[in-house]
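# Structural overview
As a plain string of letters, each chain reads:
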Amino acid sequence: ISGETNVGGLFSTCKPCKLIQTANEGTVIAEYGLGGLSAELTGDIYNSYNAGKIKAETEIGGLVGHANSVNITNSFNTQEIPSGNYNNGGVIGDYEGYLVQNVTNSFFINADPDNNFQQIQVTAKDFADGTVLKALQDYTDSVIDGKCWIQNIGKDAHPVLKGMTIIAISSSSE
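Next up on the list: the overall build of the protein chain. Counting its secondary structure elements, the protein chain contains two helices and 16 strands. Here the protein chain holds 174 residues, and 53% of them are scored as buried. Once local pairs closer than 6 in sequence are excluded, the contacts in the protein chain between residues at least 24 apart make up 70%. For the protein chain, the accessible area works out to roughly 7,600 Å², and carbon and sulfur atoms hold 50% of it.

Below you can see the structure in the form of structure tokens.
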């Protein structure tokens, strides 16, 4: 998927939106405003990931390029994000500072340290050896069950979902 701006692996704009057990493994390219799952998002992402290559100059988020008000939980991005730009991030790129952005138990390989929220920086080895899988599977709350994650250690480069389905979306996608 490619475009000039606001390019996402699943959506360009998704608001209000709820993504549960979703994934992108395709390449996403933009000049700026890129998200592995959505270029712009207001809403929730649970048990989701991006493992697709992503390439842009600025406003790059491993999952969300521009976050308006989001809750991202038990999710990850395996792709490296260029550092040196405050609008780039391993999970969220650019964001509205006056709105609440919650990121919990979510992982990335590298990103600008100024934009990490509650994201957890790991290595490709941590994805491959089951370290991230264990953290994902052990996470449970009233909404999320981490047991949806599986991985063939030694074969899979990262955890995958048992079933990649979109359970609920209420969105106006542009």
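Now for helix H2 (residues 131-138). Because the α-helix completes a turn every 3.6 residues, residues three or four places apart line up on one side. All of the buried residues in H2 are Val 132, Leu 133 and Leu 136. End-on view of H2: buried residues confined to an arc of 100°, all on one side of the axis. The inward-facing, buried residues of H2 abut strand E10 (76-77), strand E13 (106-108), helix H1 (124-128) and strand E15 (149-150).

Moving on, we get to the packing of aromatic side chains. Tallied over the full model, the rule gives four aromatic pairs. With 5.9 Å between their ring centres and 50° between their planes, Tyr 49 and Trp 149 make a pair best called tilted. With a gap of 100 residues between them, Tyr 49 in strand E6 (residues 49-50) and Trp 149 in strand E15 connect regions that are remote in the sequence. Pairing Phe 76 with Phe 127 gives two aromatic rings, centres 5.1 Å apart and planes at 50°, and the pair type is tilted. Within this pair, whereas Phe 76 is found in strand E10, its partner Phe 127 is found in helix H1, the two being separated by 51 residues in sequence.

Let's shift gears to the state of the cysteines. Applying the stated criterion across every chain, the model contains one disulfide. Between Cys 14 and Cys 17 runs a disulfide, and the two sulfur atoms are separated by 1.9 Å. Given an S-S torsion of about 65°, the disulfide between Cys 14 and Cys 17 has right-handed geometry. With respect to burial, Cys 14 and Cys 17 carry one shared label: buried.

One finds Leu 41, Ile 45, Val 64, Ile 72, Val 91 and Ile 92 to be the most contacted residues of the largest nonpolar core, which totals 16 residues. Those elements that place two or more of their residues in this core are strand E2 (11-20), strand E5 (38-46) and strand E9 (64-73). Ranked by size, the runner-up nonpolar core spans 14 residues in total, among them Phe 127, Leu 133, Leu 136 and Trp 149.

Moving on, we come to the sheet that holds strand E3 (residues 23-24). As summarised here, the arrangement of the five strands in space is E3-E6-E10-E13-E14, forming an open sheet in which the pairing is parallel. Unpaired on one side and paired on the other, E3 and strand E14 (119-121) mark the two borders of the sheet.

Along the chain, the position of Gly 93 falls in strand E11 (residues 92-95). Classification of Gly 93 as buried rests on a relative accessible area of 0%. The spatial distance from the C-alpha of Gly 93 to the C-alpha of Ile 81 is 9.3 Å, given a sequence separation of twelve residues.

Rules of the game
- Position numbers for residues count from 1 along each chain, tracking the sequence in the order it is written.
- Two thresholds apply to this predicted model, a pLDDT of at least 70 for residue-level local features and 80 or more for giving and counting side-chain atom pairs, whereas whole-chain, interface and lining totals are computed over all residues.
- Just so you know, side-chain values use all the structure's heavy atoms and leave hydrogens and water out.
- Each helix is a run of H or I in the DSSP string that is no shorter than four residues. Each strand is a run of E no shorter than two, and both are numbered from the N terminus.
- Under the scheme applied here, a residue whose accessible area is under 20% of the maximum for its type counts as buried, over 50% as exposed, and between as partly exposed, the area being computed with a 1.4 Å probe on protein chains only.
- Contacts are residue-level and defined by heavy atoms, with any inter-residue pair within 4.5 Å sufficient.
- Where accessible areas are quoted, they stem from the Shrake-Rupley method and a 1.4 Å probe; at the residue level, only the protein chains shown are allowed to cover.
- Each C-beta atom gives one direction from the helix axis, and the arc is the one those directions make.
- Here a pair means two rings of Phe, Tyr or Trp (six-membered ring of Trp) with centres within 6.5 Å. Their orientation is stacked below 30 degrees between planes, edge-to-face above 60, and tilted elsewhere.
- In this description, the term disulfide denotes a pair of cysteine sulfurs within 2.5 Å.
- Throughout this description, the term nonpolar core refers to a set of buried Ala, Val, Leu, Ile, Met, Phe, Trp, Tyr and Cys residues connected via side-chain atoms within 4.5 Å.
- Here a strand pair is declared whenever DSSP counts at least two bridges between the two strands.

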